[in-house]
Every structure is written in structure tokens, then in C-alpha cells.
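Chain by chain, the residues run as shown.
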Amino acid sequence: MPNSRRRPADAADGGAAPNAAPRVESFPPQVGAGCRVLVLGTVPSLASLARRQSYAHPQNLFWPFMGELYDAGPEHAYAERIARLHARGLGIWDVLERCERRGSLDSDIIVASEVANDIPGLLAREATIVAIALNGAKALQVYRRRIEPAIDAVRRERIAVLALPSTSPANASISRMDKLERWRELLAWTHSAAG
């Protein structure tokens, strides 16, 4: 009778240990020509990964806020939302290229598995970016620890860093109205609707 017990996967065969947290990977940057503000989340949620869209969880406030600020809300198709943000000088990406995480909570990210996105390289290519907006405390923490030290000192001096409250539904400690008021800071850095 064949052995029905499964052996644990090991590094030699490329598998992960049975209890290892799943690996999560970021999407490519969504930055248009003339980008002025780069909004950085931590890493996509499970809902975002499933839909291949940033901030796809239906209770995440990012797209409703973008609707109120830039007419790029969830009533528009995803590609149209991105185009509307680009037209106003806003780009989106994540601080982490990849990490290991069970579920969608930032608190479940295994710190030792964090690999930062090449944001210093993006900033070197996109000279028009004048501000970085960090969506939540974990994004700010990763930015300060893993990304900011790698940015050229002269470039770093010219970039405003906006620490904004997380739009995640897990961040219930701040009211929607207070969160939106803080996110209004973006308006000072982006293009007006007329261009």
C-alpha cells in the first residue's frame, strides 16, 4: 500500500513549510506622466489580490475618498479611476514588493520577510514627484525603516512625507469624517481639476 502521509516541503524542492505564511506580492506601480504625489499602501489585501486591483476590499475607504477628492470613486471602472488619478497627478504603489502574511492585516506581516519596493529608483526616474503619502502606520513604518534611508539625500530633502490614517476597514479608531479630513491634505499637492 502506498504511503499516504505527505512529507513536509523543504527548500530543496522549492516548497514552503506547511505552517508558513503565504507569500504576498505587490502590483507594479501605477504612476502616470507628471505624477506629483505617490500614495503608498503596505501590500495588497487578499481582496485586492483576488481582483488584481489596489484597494479592492469593498469596505476600504480609499476609492470612496478618491471619489470625493478627485471624482475617481468606485462607481467608475478601475482603469477609469486610475486614469482620473493620473490626470490629477496622483500615483499609487506599495512600500513592500513582497512579504509573508496570513490574511490581510498589516499586523500579520512577518517582518523578517519584508522586501521593499524600489521606491528610490522610481523617485530617481520620476522627478515630478514632490510628495509621498503613506496610507497607514505600517506603510509609514516600512517607509522610514526600509526605503527612506536608500533615497538620495538631496532628493529626500525635496519630498514632503504625508502620514495619513489607514483607509483599511481594520482602522476603526478614527471616524470616516476625520480620516477624510486628513486625506484632504493631498489636494494641496495635486493638480486642480482644470489641469
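### A word on the pairing of strand β4 (residues 96–100)
Piece 1. As paired strands, strand β1 (residues 23–25) and β4 are joined by three bridges and run antiparallel to one another. Across the sheet, residue Arg23 finds its bridge partner in β4, namely Glu100.
Piece 2. With two bridges connecting them, β4 and strand β5 (residues 115–116) associate as antiparallel partners. Note on β5: the bridge partner recorded for Leu96 is Ala116.

### Focus: the sheet that holds β1
Piece 1. Taking strand neighbours across the sheet as the criterion, the three strands line up as β1-β4-β5 in an open arrangement whose pairing is antiparallel. Pairing within the sheet leaves two strands with one partner each, and these edge strands are β1 and β5.

### Comments concerning helix α5 (residues 137–147)
Piece 1. Within α5, burial applies to Lys138, Ala139, Val142, Tyr143 and Ile147. The buried residues of α5 occupy one face: seen down the axis, they fall within an arc of 135°.

### What to know about the pattern of salt bridges
Should the charged atoms of two oppositely charged side chains come close, the side chains can pair.
Piece 1. Going through the model one piece at a time under the given rule, you end up with 11 salt bridges.
Piece 2. Residue Glu114 pairs with Arg145 through a salt bridge whose shortest N-O separation is 2.5 Å. Separated by 31 residues along the polypeptide, Glu114 in the loop between β4 and β5 and Arg145 in helix α5 bring together distant segments of the chain.
Piece 3. On the basis of relative accessibility, which here comes to 5%, the residue Glu114 falls in the buried class.
Piece 4. The residue Arg184 makes a salt bridge to Glu181 at a minimum N-O spacing of 3.5 Å.
Piece 5. Judged by relative accessible area, Arg184 falls into the partly exposed class, the value being 34%.
Piece 6. Three or more residues are tied together by salt bridges with common partners; here these are Glu114, Lys138, Arg145 and Arg146.

What counts as what
- Residues numbered from 1 in each chain as written.
- Predicted model: local features only at pLDDT ≥ 70, side-chain atom pairs only at ≥ 80, totals over all residues.
- Heavy atoms only, no water.
- Pairing = 2+ DSSP bridges.
- Helix = DSSP H or I, 4+ residues; strand = E, 2+ residues; numbered from the N terminus.
- Buried < 20%, exposed > 50% of the residue type's maximum accessible area, 1.4 Å probe, protein only.
- Arc of directions from axis to C-beta.
- Salt bridge = Lys/Arg side-chain N within 4 Å of Asp/Glu carboxyl O.

Honestly, it's all geometry; don't read function into it.
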